[in-house]
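Structural characterization, general
Here is how the chains run, residue by residue.
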Amino acid sequence: MLDFFTILTKGGIVLWSKTFTRITSSPVDSLIKDVLIEERAGENSYIKDSYCLKWTFANELDLIFVAAYQKILQLAYIEELLATVKKFFCDKFANLIRDTSRIHKFAFDDDFDTILNNIEEKDSKGHGKLSKPRPFEKTKKFKETVEGSKKLSVDDISKPPTNPIISEDEIARNIEDLRLRSGKSSRGRGGRKQSGSTKRSNEPNVSSDDKKQTRKKTMRVWDDKLSKEVMESLDYSGDKGDNDNSSAVNPQDLVDRNQLGQFQDGYYEVQDLGENDDEDEFEEDDYDGTNDVSTQNNGGSSILSFFKNITGQKEITEQDLAPVLAKMKEHLIKKNVAADIAAHLCDSVARNLVGQKIGSFKSIQSTVKQSMEVSLKRILTPKTSVDLLRDIAQAQSESRPYTVCFIGVNGVGKCFAKGTKVLMYDGTYQNVEELNVGNQIMGDDDTSRTIQSTTKGEGIMYRIIPNDKGPAKFFECNNQHILVLKFSAGPFVRNEEIPIVNRSPRIRLFWYEYDTKNNMIVKKNDSFYYGPGKDYPKKGIARRAAIREMARKPNLAASDFIWEVPIKDFLTASDEVQRNCLMYKPNKVIFKSVQGRFRIILNEILGVNPTDSQISAASWLVGVWINSGIVNLPTICVNENENEILKVIAKYSEMLNWRYIKESYKTMTDDSEWRISFMCNDDDIENGFLRLLQKLDILDTKKVPPVIMIEELDQVRLPLLAGILDIGGHLLEESGNYKYVYEPSQERCDLVEQVCNLANLSGFYSKSDFASTKKCQDNITIPSSYCTIISGNDLDKLPLVVSHKRVCKNHEHNLKLINRDMVWRFKVVNVGLGSYYGFKVDKNERVLLADLTVSHNSTNLSKTCFWLLQNGLKVLIAACDTFRSGAVEQLRVHVRNLNALGQNSTVELYERGYGKDAAGIAKDAISYAKLNKFDVVLIDTAGRMQDNEPLMRALAKLVSTNNPDKIIFVGEALVGNEAVDQLTKFNQALKDFSGLQNPRHIDGMILTKFDTIDDKVGAALSMTYTTGQPILFVGTGQTYTDLKNMKVGHIIHALLKE
Amino acid sequence: MDNSTFTLITWIILTILAIIIAIIFNVLKNRSRKDTFLILGLADSGKTSFFIKLRDGKQVQTHTSMKENEGYINLENNGIPLTKVPIHFVDVPGHEKLRFKFSDFIPITRGIIFLVDSSTCVKNVRSIAEYLYDIFSNKDVIKHNIPTLIACNKSDMITALPPERIQTMLENEINKLRNTRTSALDNQDSSITDNIEFLGYENEKFKFEHLENETHFEKCSVDKNEIAEIKNWIAEVYGGR
């Protein structure tokens, strides 16, 4: 059954061991290395090869007891055995163990066998009723062991095995320690020993109670020392509650003892049967019992305990620890340590501390803190070398490229102020604080982004206010928010002919350079002097040289350079640079995957598949109706002189085969208008237009149908908008810029917002506003009212039917801007402290706000690359993120930057586009690197959520086919509990899906955004604890140089800091 | 009454005095004396066995240490004592996560015995070199020029390498480490200067002779009780104080 049992010191010396079978390998070493040193002692068992190991500590003696058995067996009694052996061994050999000055022989074999036999037998008999005394009770000592073990069996089952025993035990130890100390060889320090023995003289009276209560088995000098206390406990031994204590506290002669034993045997067996129900009760009782002891202790010997305190004789009990550790746990959680891990850690610290003595003048707090510090240091200290460069050198000497695979979850949060509207994938809007995990929001490439997680917090907020060309609304975000900006200024040359004193005329070249290292744009200039004796003989030549030079400048930030910069960095840029940065939005949004409902509705109504022009016609009619139709009727009112509109209505209804009657009608203001009412066809009972309005669910509300918002742009949205504007809009021209002003009647002001959204989604700038005085093209001043102003480059695309409202296509100004993203200037205003709401999305992380402003964050692989390049290594980056759009382009930019930065460094990108098998690309990249003598291959993989099984499988495949030297997990320092989940699941996936005998696991981590977390460094601890792997680097900013080694001391300091 | 109060006060004062003196004495003792020998080395290189062997002359079974073993040992060779007083030895666990403790003992260290498992040296050469690098670049080790004995243990094994081979291997390895360590990234908190030093001479291949502190290589076998050389070295270093 049992394979072996070992008793060893924490120093690693085996005091006693017994092996029952031949032991292969050394499971105890693995236990110590993998579990005990890693501070995972909070766990219960450890499986190594075919063994299952259980262990217990005796901290007061620095001992570890380890039992091992075949893991296929279910040995329930092991914990009992450990506890019994521990108690017995500690009691019997305490003095020998304490004397660490030499090796002792521990004659324990016989005792162990007896204990083992006894426990095994009891176990084999099960928990059946055992009323007879054991037949083999030969010695007094043995009997005591039996009792001890019986008692323990109850303890063991009802609660974690070691705790109650230790707390009692430790008192016994204390006494024994004092008693036996004086005769012992010098081990402690001088001063203490002295006081220990002085104290001893007072001791027996005060503590004999405790002693009897707690020493259960090997008490050799017991019999004459029965006190009142013991009698009391005997008295209520019939009482269920106090059995735990009283069972061990025992009578003086053998006969009594036997009787009591029997009685108790029977009693406990009963308890065993009903143990489940009484579990809680037992636990309580235990604590009560121990509390009793300690109160008595305190009451009886306050002076003594004072002495104990100052002489360092106080032993730590579970009770002492509980409040301190609870506080510590809370503290750790506050520092962002995952809750589970904080609990484990505190358990582990408790296990290591219970029974230890507090040193002189030390409070329990400081002891715990110290112990925690040591534990943390152990956990955070890497157990393998973190010297990447050395590993690379090794690979070099084997003439193969060193491969590093970067894995991680997607993206990082983007944070906005409360109330910021985000465009959802279905075309609706939602406030950022209402977003939930799993929501689909719109990305910048017309595909959806799924929200992976949400966060919120508080910080300095900035308000981004667009100028009047941009969207009407500002948005607020935190200082980490990354602005995606278009740089609008290119290089230019200037002629400085006017001679200044001592200076010849020159051509000056100005350009903006993108500083890749600091992610900053700076303005630079160069002079080209001309004239006799100068570099250039003539002005023209100098100019040409300047222009030639212009194209050669590296990292030129020319027009259309897209700059992703956190707000806080943006604000440090020069005014001129800031002025030249524009926000932009894509021309239009197309909802590829959800559109088509309008088509289907029309199909149902018409009975045939509608053509594109039919769709446009129908939606134009809907537009017209929305603006000037009659609620609940398929009737449109048109001013009588709007001939063009009437003509088009006629044309379109014919196209759709819808019949209508036209009747003249006088309005209240005495204007006459045409009322056009659609009606049923002869051959059809249905009124087509009415049904369309019903299907769109707008018959009674007359709002812009939400379905329309996400429909096909050219066929549905634009005609609809045109229909609305044809009747309700005016075209204005201001200094060559056209814009539409849509002004519904007072009672329809809800339309303003709806039209505004529609226009925004259709590729125009649009804002709702209280218009002051607007000028129509025919110079009619219209009164101020609530209106929508629509402007943009593509206004000519609107298929308006009223000719004078149409924007001429060949207008020079419009031509210039056609097919360009829309850009606008903005200013950033600090609005002070505020709360922000963030979310993480998948894919390329660019999302659209309500007004479609693009937003984004970037990755950290290139920082590592930069460092490697600085060390003169040749690096190949394999673009294996074939999933997230924009990933390859992003890397391309990085590679370009990195190449420009280094003097003679080489970095290349190995890319094969999107959608291909990442594992294959990585494999090709590695062989390419081998062929071309690259030193390092950095594999960039797609960020993925740990729950996404297909993607995790793909990752495991990538890892198993390419077997990279290092697998580095890139995680965020901001995550709390989630870190554990991420890492475990990644590791699990690497293990489960690899199909390898020895699956790989994460070899190290990079923590990003370390600069943003202040002292909440818990994620670092959570991550190292979960994986047992070191944190290789921490990212401390956005630039290439912001990669640092993590300093263990710093983390510990931050974690324990109040 | 008066008398008894007085006695009590006297007692209290005396006790406090005694405690203070004891503390001062303790502190002084720890601070001033540099007579400790550290037993360092990777896990499984035989530190604890060596420690026990030195102390009891016995062979015991050991496992990976979690705590340091320490003790005062009377050094003797075949019954002849080598030093007059017992010497303080500390066996520091070799596990990567625990070895940082060695630096706590450095201030009171007289000499370092670094055990190397000669039979697995080839496999572990990098780890050994890294540990040695850490030791030699420790600022206290440099400051006090603590003499170091690199004891090539388990020389009785068939696969054991001779100390000379081990020395060259380690020198080569440290040579590489010098470059990678010094070009590592900055530490997170750059205000704290760390003790990564460049060992040996620049522009020259690393040799143990280049180190300020004395280093010796010695062959030994704890199993076969061949540790006389180490004992002699300890006695010499201790005596040469």
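Here is what the cut-offs are and how they apply
Residues numbered from 1 in each chain as written. Chains lettered and ligands numbered in written order. Predicted model: local features only at pLDDT ≥ 70, side-chain atom pairs only at ≥ 80, totals over all residues. Heavy atoms only, no water. UniProt positions renumbered as here; feature names shortened; annotations may be inferred. Phe/Tyr/Trp six-rings, centres within 6.5 Å; stacked < 30°, edge-to-face > 60°. Lys NZ or Arg CZ within 6 Å of the ring centre and 35° of its normal. Contact = heavy atoms within 4.5 Å. Buried area = accessible area lost by both parts, 1.4 Å probe. Salt bridge = Lys/Arg side-chain N within 4 Å of Asp/Glu carboxyl O. Polar contact = N/O pair within 3.5 Å; in protein donor to acceptor, adjacent residues only side chain to side chain. Helix = DSSP H or I, 4+ residues; strand = E, 2+ residues; numbered from the N terminus. Nonpolar A, V, L, I, M, F, W, Y, C, P; charged D, E, K, R; others polar. Buried < 20%, exposed > 50% of the residue type's maximum accessible area, 1.4 Å probe, protein only.

- Chain B has the name Signal recognition particle receptor subunit beta in an unreviewed UniProt entry, where Glomus cerebriforme is given as its organism.
- The UniProt entry for chain B carries the following text under Sequence similarities (unreviewed entry): "Belongs to the SRP receptor beta subunit family."
- Recorded under Subcellular location (unreviewed entry), the UniProt text for chain B is reproduced unchanged: "Endoplasmic reticulum membrane".

- Taking an unreviewed UniProt entry as the reference, chain A is identified by name as Signal recognition particle, alpha subunit, N-terminal-domain-containing protein belonging to Glomus cerebriforme.

**Things to note about the packing of aromatic side chains**
- Counted according to the given criterion, the structure contains 27 aromatic pairs over all chains.
- Relative to phenylalanine 217 of chain B, the ring of phenylalanine 208 of chain B lies with its centre 5.0 Å away and its plane at 65 degrees, an arrangement referred to as edge-to-face.
- Cation over ring: lysine 874 of chain A sits above phenylalanine 934 of chain A, and NZ or CZ is 4.7 Å from the ring centre.
- Taking the ring centre of tyrosine 131 of chain B as reference, the NZ or CZ of arginine 99 of chain B above it sits at 4.1 Å.

**Observations regarding the interface of chain B and chain A**
- At the junction of the two partners, chain B supplies 42 residues and chain A supplies 52 residues.
- Between chain B and chain A, the buried area comes to about 4,400 Å², and carbon and sulfur atoms account for 57% of it.
- Our enumeration of links across chain B and chain A arrives at 4 salt bridges.
- Summed over the shared surface of chain B and chain A, the result is 16 residue pairs in polar contact (both at pLDDT 80 or more).
- When contributions to the side of chain B that touches chain A are tallied by element, the ones reaching two or more residues are helix H1 (2-32), helix H2 (47-56), helix H4 (121-136) and helix H6 (163-182) of chain B.
- Across the side of chain B that touches chain A, the residue classes break down as 13 nonpolar, 14 polar and 15 charged.

**What to know about unusual backbone geometry**
Residue and element names in this part refer to chain B.
- Positive phi is not limited to glycine here, since aspartate 44 has a value of about 70 degrees.
- For aspartate 44, the location among the structural elements is in the loop between strand S1 (36-41) and H2.
- For aspartate 44, a relative accessible area of 43% puts it in the partly exposed group.
- Positive phi values are uncommon outside glycine, yet asparagine 225 reaches one of about 60 degrees.
- In this structure, asparagine 225 sits in the loop between strand S8 (215-219) and helix H7 (228-239).

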